[in-house]
Amino acid sequence: MLSNWTPDSWKKCPAAQQPAYADVGELNEVLAVLRRLPPLVTSWEIDRLREQMAEAQRREAWVLQGGDCAESFLDCTAETIASKIKVLLQMSLVLLFRSKRRIIRIGRIAGQYAKPRSNDFERRDGVELPSYRGDLINRAAFTAEHRHHDPALLLRGYERAALTLNFIRGLSEGGFADLHHPENWDLDFVANSPECEKYHELVRSLRDALAFIDTISPTPRRELERVDFYTSHEALHLAFEHALTRQSVRGTGWYNLGTHFPWIGERTRDVHGAHVELLRGIRNPIGIKLGPRVTGEEVIDLLRILNPQNEPGRITLIHRMGHAAIGTALPPLIEAVNEAKRPVLWACDPMHGNTVTTEDGKKTRKFDDILGELNQAFHIHRHCGSWLGGVHLELTGERVTECIGGSSGLTEDDLGAAYNSFCDPRLNYEQAMEIAFAIADRISQS
Ligand code: PEP
Ligand code: CO
């Protein structure tokens with residue numbers, strides 16, 4: 001057992017980015033209901049993911065993590081979920097085929113409903129209301145009623161996560177994910193894009209390879225017919241995460257059974273804070289976001305606290321520096337981790353350090369900045385003797401116009417056409433595939 005940790009010990013620590021509920025009695029009633037509901041994932045699945053993350057640390061596998069910045073309850077539909085899974089499956093196929101490494105697929109999905117905010121309040125035309133903090137806490141529309149922090153939404157979030165996971169499990173186990181039928185993952189647009197042509201060429205080669213395998217070994221191979229698909233979200237809402245923190249039935253310890261891979265955000269990774277304290281005691285693999293201002297010392301403190309036994313697969317450091325800062329901000333962190341001989345998996349989030357606001361107030365990201373940061377990340381890790389083992393992206397399978405650039409040449413003027421994100425701008429299908437092709441070969445070279 002970890003020293004001084006209990007499932008409640010976080011309550012004594014400073015907690016950033018928490019909602020302010022007007023009626024604590026109502027919150028406690030909701031939490032009591034939540035605590036009785038069954039877990040969303042199992043400790044066996046979590047242990048398997050931790051082992052796979054350890055494989056990625058040993059350079060045998062690679063992590064593809066992606067999905068919405070914020071999932072919305074309204075978007076819990078068959079089309080939205082399936083198209084996200086389709087893009088991630090297509091990207092993982094490109095990465096697998098070209099890098100010759102197993103790909104660990106993790107969605108920002110089935111629970112990514114809470115967002116950190118820079119300001120507690122938002123002002124529009126002289127009216128001030130609480131900021132939108134994600135559907136788990138309040139609603140996006142700018143009215144007092146919608147922005148009220150409502151504890152009942154925690155139950156709606158749990159239910160949406162369960163519905164989403166149920167569909168994902170059906171898709172990953174059944175015929176949908178069968179490598180023999182990648183046509184199931186086709187999305188019905190951008191048929192003429194260069195990425196589409198390249199992708200279909202790859203699928204033709206895959207068909208040949210599979211036909212060869214099936215000829216020499218006609219017994220069906222289960223691993224070609226199904227995929228592992230894991231879930232992740234930012235472990236932000238402490239009371240909610242606490243309600244899903246449970247002891248495994250087989251006595252292997254405490255787990256967050258609301259998601260496979262919780263991560264700690266850039267704004268809540270205070271070593272003395274409540275988020276680090278709550279996650280310290282669970283067995284899940286954990287991600288930690290690192291922005292350009294973090295110091296090597298802080299990183300080592302986090303590793304000491306969150307992974308005292310130096311367990312492989314336990315910690316993924318997700319750097320999100322921005323294309324302009326990564327060159328100076330990342331090398332000292334790698335050096336500190338190398339020197340302390342702390343085992344970690346490094347992943348690059350090339351999204352969150354590259355957000356810019358246009359003149360008319362739209363948040364966007366430039367494709368070239370995103371790809372630029374990724375390319376630098378590969379280069380820096382190689383130079384420092386470490387290994388970039390994964391990528392963390394905000395993307396969607398829908399035809400959105402939220403990020404600028406890419407081979408389809410989206411410009412600032414196009415942003416209005418389909419800007420659907422409630423939060424940060426996401427790569428669309430075509431842009432996401434372009435990233436997959438761009439980095440696939442670099443993995444095997446690094
Ligand atoms: C996010 O992943 O949506 C996010 C808020 O990231 P970060 O904590 O890195 O800013
Ligand atoms: Co985001």
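Residues numbered from 1 in each chain as written. Chains lettered and ligands numbered in written order. Predicted model: local features only at pLDDT ≥ 70, side-chain atom pairs only at ≥ 80, totals over all residues. Heavy atoms only, no water.

1. Quick word on the pattern of salt bridges
Then, in step 1: Following the criterion strictly, the structure yields 31 salt bridges and no others.
Then, in step 2: Residue Asp68 is joined to Arg426 by a salt bridge in which the shortest nitrogen-to-oxygen separation is 2.7 Å. Of the two residues, Asp68 sits in the loop between strand E1 (61–67) and helix H3 (78–99) while Arg426 sits in the loop between strand E14 (388–394) and helix H13 (429–445), which places them 358 residues apart along the sequence. Taken as a pair, Asp68 and Arg426 share a single burial class, namely buried.
Then, in step 3: Residues joined in a network through salt bridges with shared partners are Asp47, Arg50, Arg250, Arg283 and Glu311. (Salt bridge = Lys/Arg side-chain N within 4 Å of Asp/Glu carboxyl O. Helix = DSSP H or I, 4+ residues; strand = E, 2+ residues; numbered from the N terminus. Buried < 20%, exposed > 50% of the residue type's maximum accessible area, 1.4 Å probe, protein only.)

2. Topic: the confidence of the model for the protein
Detailed conclusions should not be drawn from predicted coordinates in areas where pLDDT is low.
Then, in step 1: Looking at the protein, the pLDDT average stands at 94 and 99% of residues meet or exceed 70.
Then, in step 2: Within the protein, strand E10 (residues 315–319) carries the highest mean pLDDT (99), whereas helix H7 (residues 222–225) carries the lowest (76). (pLDDT = per-residue confidence, 0-100.)

3. Concerning the coordination of the cobalt ion (ligand 2)
When a metal holds four donors in a tetrahedron, each ideal angle between them is 109.5 degrees; when it holds six in an octahedron, the ideal angles are 90 or 180 degrees.
Then, in step 1: Distances from the cobalt ion (ligand 2) to its protein donors, Cys69 (SG), His352 (NE2), Glu394 (OE) and Asp424 (OD), fall at 2.1 to 2.4 Å.
Then, in step 2: Counting gaps between the donor residues of the cobalt ion (ligand 2) yields the pattern C-x282-H-x41-E-x29-D. Here Cys69 is found in the loop between E1 and H3, whereas its partner His352 is found in the loop between strand E11 (345–348) and strand E12 (355–357), with 283 residues between them in sequence.
Then, in step 3: Taking relative accessible area as the criterion, Cys69 reaches 1% and is therefore assigned buried. (Donors = N, O, S within 2.8 Å, 3.2 Å for Na, K, Ca; no water.)

4. Section: the pairing of strand E5 (residues 230–234)
Then, in step 1: Across the 5 residues that make up E5, a large majority, 5, are buried.
Then, in step 2: Two strands pair when backbone bridges link them, and strand E2 (residues 102–108) and E5 are joined in this way by 3 bridges, in the parallel orientation. For Arg108, the partnering residue across the bridge sits in E5 and is Ser232.
Then, in step 3: Relative to strand E8 (residues 261–264), E5 runs parallel, the two being bridged by 3 bridges. Note on E8: the bridge partner recorded for His233 is Pro262. (Pairing = 2+ DSSP bridges.)

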